[in-house]
Amino acid sequence: MSLFAMLKGNAKKALRGNWGKAIAAVSILLGFHLLLTMLRQYAFTLFAAQPYDPAVLPFGASVSLSETVILSLSLLVTVLLGVPLQFGVNRWLYKLVKGENAPISDVFTYFEHFHSYIKSIWLYIGIFVRSFLWGALFLCLPSAMLVLSNELIRGRLIAVPGNYRVNVSLGAMGAVLSLILLVLAGVLYLVFVNRYALAMYLFFEEPEAGTLKLIRQSVRYSHGYRGSLFLFSLSFVGWFLLCALGIPYFYTLPYYLAAASLYALYIIEKNKLQDTATQSDTA
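Overview of the structure. (Residues numbered from 1 in each chain as written. Predicted model: local features only at pLDDT ≥ 70, side-chain atom pairs only at ≥ 80, totals over all residues. Heavy atoms only, no water.)

## Quick word on the packing of aromatic side chains
With the rule as written, the count across this model stands at 27 aromatic pairs. On the basis of an interplanar angle of 90° and a centroid distance of 6.4 Å, the ring pair of phenylalanine 87 and phenylalanine 204 is categorised as edge-to-face. One end of the pair, phenylalanine 87, is in helix H3 (residues 65-97); the other, phenylalanine 204, is in helix H6 (residues 199-205), with 117 residues separating them in the sequence. With relative accessibility at 4%, the residue phenylalanine 87 sits in the buried group. Exposure remark for phenylalanine 204: the relative accessible area of 12% places this residue in the buried category. For the ring pair tryptophan 239 and tyrosine 251, a centre distance of 5.4 Å and an interplane angle of 50° mean the geometry is tilted. With a gap of 12 residues between them, tryptophan 239 in helix H9 (residues 237-243) and tyrosine 251 in helix H10 (residues 249-282) connect regions that are remote in the sequence. (Phe/Tyr/Trp six-rings, centres within 6.5 Å; stacked < 30°, edge-to-face > 60°. Helix = DSSP H or I, 4+ residues; strand = E, 2+ residues; numbered from the N terminus. Buried < 20%, exposed > 50% of the residue type's maximum accessible area, 1.4 Å probe, protein only.)

Structure, rendered in structure tokens:
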């Protein structure tokens, strides 16, 4: 049996008899995001803003003040309320796969103490900023190539003076090449950014550890597993596609989060055993 199959099978075993609680946990999280989306849409309607108007897209003309305020407030609420709730749901499932049957109220555990509440948000921000900066680095070159190719096709940039067809052909070839590079860079980025995938779970194991320590430990523990973590997440794509055809998220999301928690636990425990063995050898 492959590692992925074993992890998925054990995740289902952990959920057996706990599906009701698991569905309730993810329902709280999904309900929060659904409510926030409804409130945001209502605010857009109330202030006559158009959230999906081309004007708000990256190549659009402008963004109104009301749109900016609504989107900013929505993002703030997501960070202040959604992040601790997300951490709480993941922690509940992590404890479940470890064999601890915690009450469903534990999904709100990061709202109970100010220190842990702030720490969950700070850890999320630390991971987000690092991931964003790495993403900009990975995607800047193919994105710049795509923009230049688009300018060649539109005739705003001239590579060969006096020959429009050659410029368009060069632009078309550049666009194809840049799109290929963009996809490759995107995949490499998704693999690379898994260096931070264990930080949240390490936080569950060591709630008093510093944010920087957790991130560095995640980078060290994930070494050699980043590609595998990407493929593991990719193996659930079919399940999430089925959600659009009627298979509800209420099955898929607890299943995926439980399996991901189990894989994180596997990697963390394996690294801890290696650390213990190393310390014993050096003693």
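Having seen it, we continue.
## As for a nonpolar patch on the surface
Taken together, the side chains of Leu65, Val69, Leu73, Leu76, Val77, Leu80, Leu81, Phe108 and Phe111 make up a nonpolar region of the molecular surface, amounting to roughly 770 Å² of accessible area. Relative to the assigned elements, valine 77 resides in helix H3. (Patch = residues over 30% accessible without salt bridge, like charges linked within 9 Å, V, L, I, M, F, W, Y side chains within 5 Å. Areas by Shrake-Rupley, 256 points an atom, 1.4 Å probe, with all protein chains shown as cover. Salt bridge = Lys/Arg side-chain N within 4 Å of Asp/Glu carboxyl O.)

## As for the pattern of salt bridges
Evaluation of the coordinates by the stated rule reveals six salt bridges. Put simply, glutamate 206 and lysine 213 hold a salt bridge, and the shortest N to O gap is 3.5 Å. Under the relative-accessibility criterion, glutamate 206 is labelled partly exposed at 22%. On the accessibility criterion, lysine 213 (46% relative accessible area) is partly exposed. One salt bridge connects aspartate 275 with arginine 220, and the closest N-O pair in it is separated by 3.2 Å. Of this pair, aspartate 275 sits in helix H10 while arginine 220 sits in helix H7 (residues 211-221), and the two are 55 residues apart along the sequence.

## Here we look at helix H1 (residues 3-15)
Along an α-helix, residues three or four apart share an orientation, since each turn contains 3.6 residues. When the terminal C-alpha atoms of H1 are compared, their 18 Å separation across 13 residues agrees well with the 18 Å that a helix rising 1.5 Å per residue should span. All of the buried residues in H1 are Leu7, Lys8, Ala11, Ala14 and Leu15. Down the axis of H1, the smallest arc covering the buried residues is 120°, so these residues share one side. Positive phi appears at glycine 17, one or two residues downstream of H1, with a value of about 85°. (Expected span 1.5 Å × (residues − 1). Arc of directions from axis to C-beta.)

## Remarks on the environment of serine 74
When you line up the elements, serine 74 lands in helix H3. Taking C-alpha positions, serine 74 is 7.3 Å from leucine 36, a pair spaced 38 residues apart along the chain. Discounting residues that sit within four places of it in the chain, serine 74 has contacts with Leu36 and Arg40. (Contact = heavy atoms within 4.5 Å.)

## A closer look at the layout of surface pockets
Within this model, the largest pocket holds a volume of roughly 930 Å³. As for the largest pocket, its lining consists of 31 residues, and the residues nearest its centre are Asn194, Ala197, Met200, Tyr201 and Tyr256. Breaking the lining of the largest pocket down by element, the ones donating at least two residues are H3, helix H4 (114-154), helix H5 (164-192), H6, helix H8 (226-234) and H10. Considering each element in turn, the lining of the largest pocket owes the most residues, six residues, to H3. (1 Å grid on protein atoms, 1.4 Å probe; cavity = no way out; pocket = protein on both sides within 12 Å on 5 of 7 lines; lining within 4 Å. Points joined across faces, edges and corners; volume = space filled by probe spheres on them.)

## Re the packing of H3 against H4
Two elements in contact, H3 and H4, have axes whose closest approach is 9 Å; the angle formed by their N-to-C orientations is 95°. Accordingly, the angle class assigned to the pair H3 and H4 is roughly perpendicular. On H4, the residues touching Val79, Leu80, Val83, Pro84 and Phe87 of H3 are Tyr117, Ser120, Ile121, Leu123 and Tyr124. Residue classes in the contact of H3 with H4 are distributed as nine nonpolar, one polar and no charged. (Axes fitted to C-alpha atoms, helices over the stretch in contact; angles between N-to-C directions. Parallel < 35°, antiparallel > 145°, perpendicular 65-115°, else oblique. Nonpolar A, V, L, I, M, F, W, Y, C, P; charged D, E, K, R; others polar.)

## Some thoughts on the nonpolar core
Core analysis: the biggest nonpolar cluster contains 55 residues, and Phe87, Val89, Trp92, Leu93, Leu123, Tyr201 and Phe204 have the highest contact counts within it. Of all the elements in the fold, those that place two or more residues in this core are H1, helix H2 (19-46), H3, H4, H6, H7, H8 and H10. In terms of residues, this core owes the most to one element, H10, which gives 13 residues. Setting aside anything within four residues of it in sequence, one finds tryptophan 92 in contact with Asn18, Lys21, Ala22, Ala25, Ala102, Pro103, Ile104, Asp106 and Val107. (Core = buried A, V, L, I, M, F, W, Y, C linked by side-chain atoms within 4.5 Å.)

## Re the environment of phenylalanine 236
With respect to the element layout, phenylalanine 236 can be found in the loop between H8 and H9. The spatial distance from the C-alpha of phenylalanine 236 to the C-alpha of threonine 252 is 8.6 Å, given a sequence separation of 16 residues. Those residues in contact with phenylalanine 236 that lie beyond four places of it in its chain are Lys8, Tyr255, Tyr256 and Ala259.

What is shown is where atoms sit, not what they do.
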